[in-house]
Amino acid sequence: MLMRLAAAAFLIATPAVAAGFSTVAVAKHSWCAADDVNPAEAVAALNDLRGAQGLAPVRVDMALTRAAQAHSEDLAGWGKLSHSGSDGSNFVDRADRARFDGVPRAENVAWNLPTSHAVVVAWDKSPGHRDNMMLDDVTDVGIGYACSSSKGRFWTMVLGRREGGFTLAALN
């Protein structure tokens, strides 16, 4: 059972409804080791993917990072993969709480992927997640990570834009 759980990985993408990189190990367990959590690697992988599509790179935003980190910690504590927080919040609510002074555009979440690079690659292979990462109007990103010894690794990416003048993307 534990081997099956460790081998499974799940992803959920929510474009524009529902917020860098921080690492928090909620529990000490071999799969919770933070050695494979590398913020620079995740952002570089994201920007490489965007660059290959002719899109501008995104920069790490500390408010989006706080929002993403808080959601990852909430998911790990709750033991559930969801775009809704345990308090019913969505990513727009969480970006507002973190004082992001732009427009949150999209959120990707994932469970049980082993490294920063692996989670970006997995999101790239999933059409909804890829669409979120390739939004041409985003300028900022925050990525959060937390781990539960009983439930595994939880990842959150929130993309946003500091400048206004557009509406939220439709849900798919």
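Everything here concerns the structure above.
This is a predicted model, so every value here is computed, not measured. (Residues numbered from 1 in each chain as written. Predicted model: local features only at pLDDT ≥ 70, side-chain atom pairs only at ≥ 80, totals over all residues. Heavy atoms only, no water.)

Draft legend 1. Layout of the environment of Arg-66. Its location among the elements puts Arg-66 in helix α3 (residues 62-78). It is 9.3 Å that separates the C-alpha atoms of Arg-66 and Phe-100, two residues lying 34 residues apart in sequence. (Helix = DSSP H or I, 4+ residues; strand = E, 2+ residues; numbered from the N terminus.)

Draft legend 2. Structural detail: the packing of aromatic side chains. Enumeration according to the criterion identifies one aromatic pair in this entry. Their ring planes at 50° and their centres at 4.8 Å tell us that Tyr-145 and Trp-155 sit as a pair that is tilted. Of this pair, Tyr-145 sits in strand β5 (residues 140-148) while Trp-155 sits in strand β6 (residues 152-161); the two residues are ten residues apart in sequence, bridging distant segments of the chain. Classification of Tyr-145 as buried rests on a relative accessible area of 0%. (Phe/Tyr/Trp six-rings, centres within 6.5 Å; stacked < 30°, edge-to-face > 60°. Buried < 20%, exposed > 50% of the residue type's maximum accessible area, 1.4 Å probe, protein only.)

Draft legend 3. Spatial organisation of helix α2 (residues 39-52). If you check α2, its first and last C-alpha atoms are 20 Å apart, about what 14 residues at 1.5 Å a residue would give, namely 20 Å. Residues Ala-42, Val-43, Ala-45, Leu-46, Asn-47 and Arg-50 constitute the buried set of α2. Among the residues of α2, the N-terminal cap falls to Asn-38, whose side-chain oxygen and the backbone nitrogen of Glu-41 are separated by 3.0 Å. Phi for Gly-54, located one or two positions after α2, is positive at around 75°. (Expected span 1.5 Å × (residues − 1). Polar contact = N/O pair within 3.5 Å; in protein donor to acceptor, adjacent residues only side chain to side chain.)

Draft legend 4. Up close: the nonpolar core. Counting residues in each nonpolar core, the largest one holds 25 residues, and the members touching the most others are Val-141, Trp-155 and Met-157. Mapped onto this core, the elements with two or more residues apiece are α2, β4 (103-111), α5 (116-125), β5 and β6. Core analysis: the next-biggest nonpolar cluster, separate from the first, contains nine residues, Ala-63, Phe-91, Phe-100 and Val-158 among them. (Core = buried A, V, L, I, M, F, W, Y, C linked by side-chain atoms within 4.5 Å.)

Draft legend 5. A look at the pattern of salt bridges. In total, this model carries seven salt bridges according to the counting rule given. The residue Asp-87 makes a salt bridge to Arg-97 at a minimum N-O spacing of 2.9 Å. Residue Asp-87 is found in the loop between α3 and α4 (91-97), and its partner Arg-97 is found in helix α4; the two are separated by ten residues along the sequence. Here Arg-105 and Asp-137 are joined by a salt bridge, their closest N and O atoms 3.1 Å apart. Taken together, the residues Arg-105 in strand β4 and Asp-137 in the loop between α6 (127-133) and β5 connect sequence positions 32 residues apart. As far as the burial class goes, Arg-105 and Asp-137 line up, both buried. By sharing partners, the salt bridges in this structure join Asp-61, Asp-101 and Arg-162 into a single network. (Salt bridge = Lys/Arg side-chain N within 4 Å of Asp/Glu carboxyl O.)

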